[in-house]
Amino acid sequence: MSANREQFGSRLGFILAAAGSAVGIGNLVGFPVAAAKNGGGAFLLIYALFVVFICLPVMLAEISIGRHTQHAPMSAFRSLSSGHKGWTAGGFLALLTPYMIAVFYTVITIWLFGYLFETLSGNLDKLADPAYFGAFINTNDIFWYLIAVNAIVYFILFSGVKDGIEKGAKIMMPALFVMLILLVGFVLTLDNAFAGVRYYIVPDFSKINASVINTALSQAFFSLSLGMGIMITYGSYMQRDDDLPGSAKFVAFTDTAVAFCAGLLIMPAIFSFNPDIDTAELSDSSVGLIFTFLPKIFLALQANIGYGGASAVASIFFLLVFFAAITSLVSITEVPNSAIMGSMKYSRKKSLSMLAVSVLVFSILCIYSFGRADWLTSFMSYGGANKSFFDVIIDVFYDTVLPLNGLLSCLLVLFHWKRANFHRELERGAPNYRHSFLERYVDVSLTTFIPVILLVIFLNTVAYKYFGVSFIG
Ligand code: PHE
């Protein structure tokens, strides 16, 4: 345990940084579409239940593993299992996952930056052309955007936990909340906005089936940045006497509230653009929605508020998503950074420089996998489709492995750390947690059904994604 490990300066700092990580593209775009397609209010209800009853206990497990061990994932696993090789391998997975997610998330953030730049330059009309995105990702401007995004992310990280990550979150998160509220207020004044709200909120329980339940849980899991090593790492920077359960509840609430509000932004905008839309037509992919569908909607606003007004709304939207992406990217890059600093005893500067170069190389491979290089564009083939290098990273690390990592954290707590020690860590700084309903609930759920559910979700995703079969609908 290192005496001079960096720390967040305050409880609020931890909360904003962790919420900054959790609030990402998944909340702002993925969640509204998933809700609209899968039964509106019925989906919202199931999602909220999953956040409280399944994700919150896992989040408590991850943050407390970090705070107790004062380590990033791999060393945390090693330390709690007293050096057991199998568990250290599990910890390695919890480290490799954020590294690979950092790679593809960098690429998406670069695109966001490019779109923000173009809207600010008055080119919204170009972005609204459906053919634009395909050409944009293969322009050489991408490399400039790559440099700009990395400069921002590494500038924040170079400044350290308190003066970089925490300060960045303290600026960007409130700005994000304000922009979100402004945009929601604006779209609700549009014609047909309430048709969108109705579609989003009125429950349709007939749409709920096993696969929708699976979608809701997976969405909740990655929206809260679980299974990515982030909560372990940020937990290790949390002050020892801060109220851990209270902070985790706050992070989960903020993340869910932002996702809910994002629906109040996206759905009315879509319905105002096309009141007869069949939501089944909406693409499942957040990327398709952000980069091809939404620019069209923003441009259509020019009928009401002129081209300048439409560009302003689009710019605020892209800035909002960009901030959400940057705070997430910072958190996920800090995981391998913290691991390198801890295990190799490198300075922050040296460790980040190494990381920057290697993430850059992988990001460039991704950039080349959209047609520039054939071997990267058709990198593998499974589940009946050809997959690019970029697709493979998303499928494996974002879509498949997260529940497995979450499961490993739960099992580590149960079999090595032991429940009594786990609860003792949670009670530090939170005397009310002791003997509370939450404590009893966390104890029972983590020892019984949560590990089973995570295992089922993981196995089902593997079966469905790679072999085209699903055993839960
Ligand atoms: N919670 C983030 C989201 O909803 C997930 C994420 C976190 C992705 C960190 C990448 C990095 O988008």
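Overview of the structure. (Residues numbered from 1 in each chain as written. Predicted model: local features only at pLDDT ≥ 70, side-chain atom pairs only at ≥ 80, totals over all residues. Heavy atoms only, no water.)

## So, helix 14 (residues 286-300)
Move 1: An ideal rise of 1.5 Å per residue puts 21 Å on 15 residues; helix 14 measures up with 20 Å between its terminal C-alpha atoms.
Move 2: Remark: the principal bend of helix 14, roughly 40 degrees, maps to Leu 294, with a proline, Pro 295, within the next four residues.
Move 3: Buried within helix 14 are the following residues: Leu 289, Ile 290, Phe 291, Phe 293, Leu 294, Pro 295, Ile 297, Phe 298 and Leu 299.
Move 4: Close packing links the buried residues of helix 14 with helix 2 (25-37), helix 5 (85-120), helix 6 (124-127), helix 7 (132-136), helix 13 (244-273) and helix 15 (302-344). (Helix = DSSP H or I, 4+ residues; strand = E, 2+ residues; numbered from the N terminus. Expected span 1.5 Å × (residues − 1). Bend = angle between axes of the 7 residues up to and from the residue. Buried < 20%, exposed > 50% of the residue type's maximum accessible area, 1.4 Å probe, protein only. Contact = heavy atoms within 4.5 Å.)

## Structural notes on the pattern of salt bridges
Move 1: Within this structure, the stated rule accounts for 12 salt bridges.
Move 2: Glu 425 is paired through a salt bridge with Arg 240; the nearest N and O atoms lie 3.3 Å apart. In this pair, Glu 425 sits in helix 19 (residues 419-427) while Arg 240 sits in the loop between helix 12 (230-236) and helix 13, placing the two residues 185 residues apart along the sequence. Residue Glu 425 shares its accessibility class with Arg 240, and that shared class is buried.
Move 3: Between Arg 419 and Asp 443 there is a salt bridge, and its shortest N-O distance comes to 2.9 Å. Highlighted residues: Arg 419 in helix 19 and Asp 443 in helix 20 (residues 437-447), separated in sequence by 24 residues.
Move 4: According to the relative accessible area criterion, Arg 419 is partly exposed, its value standing at 38%.
Move 5: Three or more residues joined by partner-sharing salt bridges are found here, namely Lys 387, Asp 395, Asp 399 and Lys 465. (Salt bridge = Lys/Arg side-chain N within 4 Å of Asp/Glu carboxyl O.)

Interpretation in functional terms is not warranted from these geometric data alone.
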